[in-house]
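Structural description and commentary
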Amino acid sequence: TDVLRAAIRESGVPLLTIEQQTGVQRASLSRFVRGNQSLRLDVADKLAAYFNLELHPAQPRGER
């Protein structure tokens with residue numbers, strides 16, 4: 001999620017534009033970017049596709 005959060009911030013694309021192009025509500029995007037809320041997997045998948053990112057399962061902390 002950190003990579004996705006950074007991609008949204010660093011893109012410079014307004015949240016309204018992301019909302020219009022992905023269907024993900026701007027309020028949810030805003031809460032996610034601020035770190036106040038996580039995203040459902042289907043929403044994260046939509047955003048990852050929009051930003052040309054590939055999501056991978058998180059590794060357990062001991063295996064990093």
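The sections below set out a description of the structure shown in this document. (Residues numbered from 1 in each chain as written. Predicted model: local features only at pLDDT ≥ 70, side-chain atom pairs only at ≥ 80, totals over all residues. Heavy atoms only, no water.)

Thoughts on the packing of aromatic side chains
Put simply, the rule reads: For Phe, Tyr and Trp, where Trp contributes only its six-membered ring, two rings pair if their centres lie within 6.5 Å, and the inter-plane angle classes them as stacked under 30 degrees, edge-to-face over 60, or tilted in between. Burial classes follow relative accessibility: with a 1.4 Å probe on protein chains only, a residue under 20% of its type's maximum area counts as buried, one over 50% as exposed, and anything between as partly exposed. Sitting over a ring, as applied to charges here, requires NZ of Lys or CZ of Arg to be within 6 Å of the ring centre and within 35 degrees of the ring normal.
Scanning all chains against the criterion turns up one aromatic pair. Geometrically, the ring pair formed by Tyr50 and Phe51 is edge-to-face, given 4.9 Å between the ring centres and 90° between the ring planes. According to the relative accessible area criterion, Phe51 is buried, its value standing at 16%. Its end group placed over the ring of Phe32, Arg5 keeps NZ or CZ at 4.3 Å from the ring centre.

Structural notes on the nonpolar core
Rule in force here: Side-chain atoms within 4.5 Å link the members of a nonpolar core, which is a set of buried Ala, Val, Leu, Ile, Met, Phe, Trp, Tyr and Cys residues. Secondary structure counts use DSSP, requiring at least four H or I residues in a row for a helix and at least two E residues in a row for a strand, with both numbered from the N terminus. Contacts were defined at the residue level, with two residues in contact if any of their heavy atoms lie within 4.5 Å.
Within the largest apolar cluster, 13 residues are counted, with the highest numbers of intra-cluster contacts made by Leu4, Ile8, Leu39 and Leu47. Going through the elements one at a time, helix H1 (2-11), helix H3 (26-34) and helix H4 (41-50) are the ones with two or more residues in this core. Excluding its chain neighbours within four sequence positions, the residues that come into contact with Leu47 are Leu4, Ile8, Ile18, Thr22, Val24, Leu29 and Leu39.

Some points on H4
Short version of the rule: The arc refers to the directions leading from the helix axis to the C-beta atoms.
Within the span of H4, buried status applies to Val43, Ala44, Leu47 and Ala48. Each buried residue of H4 sits inside an arc of 135° when the element is viewed along its axis, so together they form one side. Every exposed residue of H4 that faces more than 90 degrees away from the buried side is listed here: Leu41 and Ala49. Where H4 is buried, its residues contact H1, helix H2 (15-22) and H3. Phi for Asn52, located one or two positions after H4, is positive at around 55°.

Brief notes about the packing of H1 against H3
Inclusion rule: Only the stretch in contact is used when fitting a helix axis, every axis being a line fitted to C-alpha atoms; angles between N-to-C directions are given from 0 to 180 degrees. Small angles under 35 degrees read as roughly parallel and large ones over 145 as roughly antiparallel, with 65 to 115 read as roughly perpendicular and the rest as oblique. By definition, any crossing whose near helix is turned counterclockwise from its far helix by less than a right angle is left-handed, and any crossing with a clockwise turn is right-handed. Residues are grouped as follows: Ala, Val, Leu, Ile, Met, Phe, Trp, Tyr, Cys and Pro are nonpolar; Asp, Glu, Lys and Arg are charged; every other residue, Gly included, is polar.
Where H1 meets H3, the axes come as close as 9 Å, and the angle between the chain directions of the two elements is 115°. Considering their axes alone, H1 and H3 lie roughly perpendicular with respect to each other. Judged by the twist between their axes, the crossing of H1 over H3 is left-handed. Residue-level inspection shows Leu4, Arg5, Ile8 and Arg9 of H1 in contact with H3, the latter providing Leu29, Phe32 and Val33. Of the residues assigned to the contact of H1 with H3, the class counts are five nonpolar, no polar and two charged.

Any link to function would need more than the numbers given here.
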